[in-house]
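Fold and geometry: a report
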Amino acid sequence: MATSLKIDDTLKGRVQHLASQRRRSPHWIMLEAIEQYVDREEARERFKQEALASWTAYQETGQHLTGHEVRTWLNTWGTDGERVVPECHK
């Protein structure tokens with residue numbers, strides 16, 4: 001799909017300069033930038049949706065872990081005494 005972008009001369013010059021330094025085309029630089037932005041924003045949206053779903057589940061069930069319980073569990077990661085995730089409770 002062909003798409004055109006209108007960018008100001010300053011940004012265009014920056015893209016061209018970076019492309020020259022990286023031995024890439026300006027087209028490649030812009031595609032890479034757009035892909036990284038979209039990847040980041042999609043991940044942010046997934047995180048947001050997961051947080052909203054968790055909040056809804058908490059409101060419906062009251063099941064939770066305290067911050068202390070989570071930190072205690074996480075502190076065991078990578079140790080000989082690594083624990084399984086604690087069970088949620090009310």
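Residues numbered from 1 in each chain as written. Predicted model: local features only at pLDDT ≥ 70, side-chain atom pairs only at ≥ 80, totals over all residues. Heavy atoms only, no water.

**As for the overall build of the protein**
Of regular secondary structure, the protein possesses three helices and zero strands. Of the regular secondary structure in the protein, the N- to C-terminal order runs α-α-α. At 23 Å, the protein has a C-alpha radius of gyration far larger than the 12 Å of a compact globule built from 90 residues. Overall, the C-alpha framework of the protein stretches about 60 × 35 × 25 Å when taken along its three principal axes. In the protein, buried positions account for 6% of the 90 residues. Across the protein, the fraction of contacts at a sequence separation of at least 24, relative to all contacts at a separation of at least 6, is 33%. For the protein, the centre of its 13 positive side-chain charges and the centre of its 14 negative side-chain charges are spaced 8 Å apart. (Helix = DSSP H or I, 4+ residues; strand = E, 2+ residues; numbered from the N terminus. Rg over C-alpha atoms; globule rule 2.2 N^0.38 Å. Buried < 20%, exposed > 50% of the residue type's maximum accessible area, 1.4 Å probe, protein only. Contact = heavy atoms within 4.5 Å. Lys, Arg positive; Asp, Glu negative; His and termini not counted. Charge placed at Lys NZ, Arg CZ, Asp CG, Glu CD.)

**Let's talk about the pattern of salt bridges**
Side chains that differ in sign of charge can pair as their charged atoms come close. A full pass over the atoms with the stated rule returns two salt bridges. Close ionic contact of Arg44 with Glu41 constitutes a salt bridge, the shortest N to O distance being 3.6 Å. With Arg44 and Glu41 both in helix H2 (residues 26-61) and three residues apart, the pair spans about one turn of that helix. Members of the salt-bridge network, linked through shared partners, are Arg40, Glu41 and Arg44. (Salt bridge = Lys/Arg side-chain N within 4 Å of Asp/Glu carboxyl O.)

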